[in-house]
Amino acid sequence: MLSRPQGRLAFAELRDWTGSVQLFAVASRTERFEELTRLSLGDWIGCTGEVVRTKRGELSVQVESWTLLAPTRHGFGDKWRGVHDVELRYRQREVDLWANEGVRDTFLMRSRVVAALRRRLDARGFVEVETPVLQPLAGGANARPFVTHFNALHSDFYLRVAPELYLKRLVVGGFERVYELGRDFRNEGLSPRHNPEFTMLEAYQAYADYEDMAGLVEELVAGTALELFGSTEVVFQGRRVDLAPPWRRATLEQVVEEVTGERCELGRGRDALAAVAGRLGVEVPPGSGAGRILYEIYERTTEHELLGPVLVTDYPVDVSPLVRAHRSKPGVVERMTPIVAGREIAEIYSELCDPDVQRSRLVAQAAAREAGDDEAMVVDEDFLRSLEHGMPPTGGIGLGVDRLVMLFADLPAIREVLLFPALRQDRRDGAGGGGEGADGTDA
RNA sequence: GCGCCUCUAGCUCAAUUGGCAGAGCAACGGACUCUUAAUCCGCAGGUUCUGGGUUCAAGUCCCAGGGGGCGCACCA
């Protein structure tokens, strides 16, 4: 609450998360009037009284009785300018939420986005499941995991980098439409687009392929936008995008050529693509094949230039170890990536169901790992055995919820859509040190 | 991990070429019967992120460290 005492009268603004209302107090009719006028910005009170209209016409509660629910000892920032120091905002998010209305709106919107995604999947017959976060092997994505120790089992476990392999095992078990909406953990650097824990939606549908799943993603994204904003148009960082389906399809080769002017057909071979990469100033990991080089060129030069929405298709097999080979085009897989305003918002696959092909892909990953790629996958025998039981043709999607919220909220930093983003421990006041510890001399 | 930028009162921000650390809001004391960021008077508020150094003199310059932002790298 914020008070504006005026002698024998007082006005105040009382706010909760539904909005605010003006309080109006008259000394002769309000209990403990003097005390009421001395409340601080940020004190929490409850009150009762008649609803009246002031002379200026504002609907107000004329306070009769009131209770101090909780005094505030710290204050909540400048009442007009709020709180803008980003460090304070992230470390003390409660202050940020209290002081800055736009921040409250962002997180209420995030909640509605998550609810809308669930509702839409449920309506299509998907079943929400929960699979292990603590995993003996971290699979399903190329990423370094967090390691933790499982005391009772005397072994190290990993926080999942993706739920993918477990969800596919559920498809094998007859759960034809499953999804999980939860936290993944990747032991990587922080950036405006990356937080080590982030929220992923993965969904799998048996008897479906990547075209079916592309339709699902279009519906989830455009439908949610329409539901929340009454429009499929969004503006992200000054770029206007219409999310109404169907989204354009274009191959990786096509979009790279559109943006760079370079012809990049995989069929031209490794050396030709390496030459293109050189011309464009794109560095390529040593030993890369044609597919890897094309992918590197795309990521460095093209992806951020695509306004979209566009579904980029025909990814090289060497950068997609869990995806089924394309039904007619050699060297590529049935994978699509929707790009909106220069950013990838999901992954769409026809899943690889053949246990033998999957095994050889994972063995190749493990070999890369041995060679020093510590983000390559490992051979997960439990997963492979499940495929040997027979997995029907299945389509899958992975949708980054944080990034979808960023798109909808027009916010460029993931921290702005995470209530408590990862921050380094604040040790500023401990600086100087030397006082405690190893010096055995004391008074 | 590397590079650039940044850190001043509870909050938002000033402080000339190195020359007495300031304002608004909040808080605190007072005035005020229709305010809307109320207004007016008064009062108080500081390890200028930390530790060193240069200098007659450091918020300002130099070195080291810490936090944050952005970029690179890694990735979604």
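Some thoughts on the overall build of chain A
Looking only at helices and strands, chain A features 12 helices and 19 strands. When burial is assessed residue by residue, chain A has 46% of its 443 residues classed as buried. Within chain A, contacts between residues at least 6 apart in sequence are counted, and of these 62% link residues at least 24 apart. Of the accessible surface of chain A, which amounts to about 22,700 Å², a share of 50% is contributed by carbon and sulfur atoms. Treating the 54 positive side-chain charges of chain A as one cloud and the 70 negative ones as another, the clouds have centres 5 Å apart.

Comments concerning helix 5 (residues 164–172)
Listed as buried for helix 5 are Glu 164, Leu 165, Leu 167, Lys 168 and Val 171. Along the long axis of helix 5, the arc covered by the buried residues comes to 160 degrees, so they all point the same way. Its buried side turned inward, helix 5 meets strand 10 (177–185), strand 11 (197–206), strand 18 (346–350), helix 11 (381–388) and strand 19 (394–400). Within two residues after helix 5, Gly 174 carries a phi angle of roughly 105 degrees, on the positive side.

Thoughts on the packing of aromatic side chains
Taken as a whole and judged by the stated rule, the model has six aromatic pairs. Ring geometry for Phe 150 against Phe 157: centres 4.9 Å apart, planes inclined by 65 degrees, an arrangement best described as edge-to-face. Given the relative accessible area of 11%, Phe 157 is considered buried. A connected cluster of aromatic rings, assembled from ring pairs, spans Tyr 295, Tyr 298 and Tyr 315. One Lys or Arg, Arg 15, reaches over the ring of Trp 98 and ends 4.7 Å from the middle of that ring. In this structure, Arg 335 is placed above the aromatic ring of Tyr 315, and the distance from its NZ or CZ to the ring centre is 4.1 Å.

Quick look at the confidence of the model for chain A
Per-residue confidence for chain A gives a mean pLDDT of 87, with 96% of residues at or over 70. Here helix 8 (residues 270–280) is the element of chain A with the lowest mean pLDDT, 81, and strand 6 (residues 127–128) is the one with the highest, 97. Low pLDDT (under 50) marks residues 429–443, which in the prediction has one contact with non-local residues, meaning those over four places away or in another chain. Here the prediction assigns the complex a pTM of 0.88, and the interface score ipTM is 0.88.

Comments concerning the pairing of strand 19
Extensive coverage of strand 19 is indicated by the burial of seven of its seven residues. Taking every second residue as pointing to the same face, both faces of strand 19 are buried, with Thr 394, Gly 396, Gly 398 and Gly 400 on one and Gly 395, Ile 397 and Leu 399 on the other. Examined bridge by bridge, strand 18 and strand 19 share five bridges and lie antiparallel to one another. Within strand 19, the position partnered with Glu 347 by the bridge is Gly 398.

Observations concerning the nonpolar core
By size, the foremost hydrophobic cluster in this structure holds 46 residues, and its most contacted members are Leu 201, Val 221, Leu 243, Ile 348 and Phe 408. It is helix 6 (residues 210–229) that provides the largest number of residues to this core, a total of 10 residues. Residues within four places of Val 221 in sequence aside, it is in contact with Leu 243, Trp 247, Ile 345, Leu 399, Leu 404 and Phe 408. Ranked by size, the runner-up nonpolar core spans 26 residues in total, among them Val 256, Ala 290, Leu 294 and Val 333.

Details of the sheet that holds strand 1 (residues 2–6)
With mixed pairing, five strands are arranged side by side in an open sheet as 1-2-3-5-4. Unpaired on one side and paired on the other, strand 1 and strand 4 (44–53) mark the two borders of the sheet. Strand-to-strand twist of the sheet, defined as the mean angle between neighbouring strand axes without regard to direction, takes the value 30 degrees.

Section: the environment of His 389
Checked against the element boundaries, His 389 lands in the loop between helix 11 and strand 19. Remark: the alpha-carbon pair of His 389 and Val 172, spanning 217 residues in sequence, is separated by 7.1 Å.

Regarding unusual backbone geometry
Cis geometry is found at the peptide bond from Pro 245 to Pro 246, where omega equals 0 degrees. Here Pro 246 is to be found in the loop between strand 13 (239–242) and strand 14 (248–251). A positive phi angle is found at Arg 32, which is not glycine, with a value near 45 degrees. Positive phi is not limited to glycine here, since Tyr 207 has a value of about 65 degrees. Along the chain, Tyr 207 falls in the loop between strand 11 and helix 6.

Considerations on the protein's contact with RNA strand B
Residues in close proximity to RNA strand B total 50 residues, the closest being Arg 56, Lys 79, Glu 87, His 194 and Arg 403. Each atom of RNA strand B within 4 Å of the protein was assigned to sugar, phosphate or base; sugar and phosphate come to 59%. Backbone polar atom of Asp 85 to a phosphate oxygen of RNA strand B: 2.7 Å apart, as the coordinates give it. When residues of the surface near RNA strand B are traced back to their parent elements, those giving at least two are strand 1, strand 2 (9–16), strand 3 (19–26) and helix 2 (86–91). Among the residues forming the surface near RNA strand B, the class breakdown is 15 nonpolar, 14 polar and 21 charged.

Quick look at the sheet that holds strand 7 (residues 134–135)
With antiparallel pairing, the three strands of this open sheet are ordered in space as 7-9-8. Strand pairing shows two members of the sheet lacking a second neighbour, strand 7 and strand 8 (147–150), which therefore form its edges.

Rules used throughout
- Residues numbered from 1 in each chain as written.
- Chains lettered and ligands numbered in written order.
- Predicted model: local features only at pLDDT ≥ 70, side-chain atom pairs only at ≥ 80, totals over all residues.
- Heavy atoms only, no water.
- Helix = DSSP H or I, 4+ residues; strand = E, 2+ residues; numbered from the N terminus.
- Buried < 20%, exposed > 50% of the residue type's maximum accessible area, 1.4 Å probe, protein only.
- Contact = heavy atoms within 4.5 Å.
- Areas by Shrake-Rupley, 256 points an atom, 1.4 Å probe, with all protein chains shown as cover.
- Lys, Arg positive; Asp, Glu negative; His and termini not counted.
- Charge placed at Lys NZ, Arg CZ, Asp CG, Glu CD.
- Arc of directions from axis to C-beta.
- Phe/Tyr/Trp six-rings, centres within 6.5 Å; stacked < 30°, edge-to-face > 60°.
- Lys NZ or Arg CZ within 6 Å of the ring centre and 35° of its normal.
- pLDDT = per-residue confidence, 0-100.
- Pairing = 2+ DSSP bridges.
- Core = buried A, V, L, I, M, F, W, Y, C linked by side-chain atoms within 4.5 Å.
- Axes fitted to C-alpha atoms, helices over the stretch in contact; angles between N-to-C directions.
- Near = heavy atom within 4 Å.
- Polar contact = N/O pair within 3.5 Å; in protein donor to acceptor, adjacent residues only side chain to side chain.
- Nonpolar A, V, L, I, M, F, W, Y, C, P; charged D, E, K, R; others polar.

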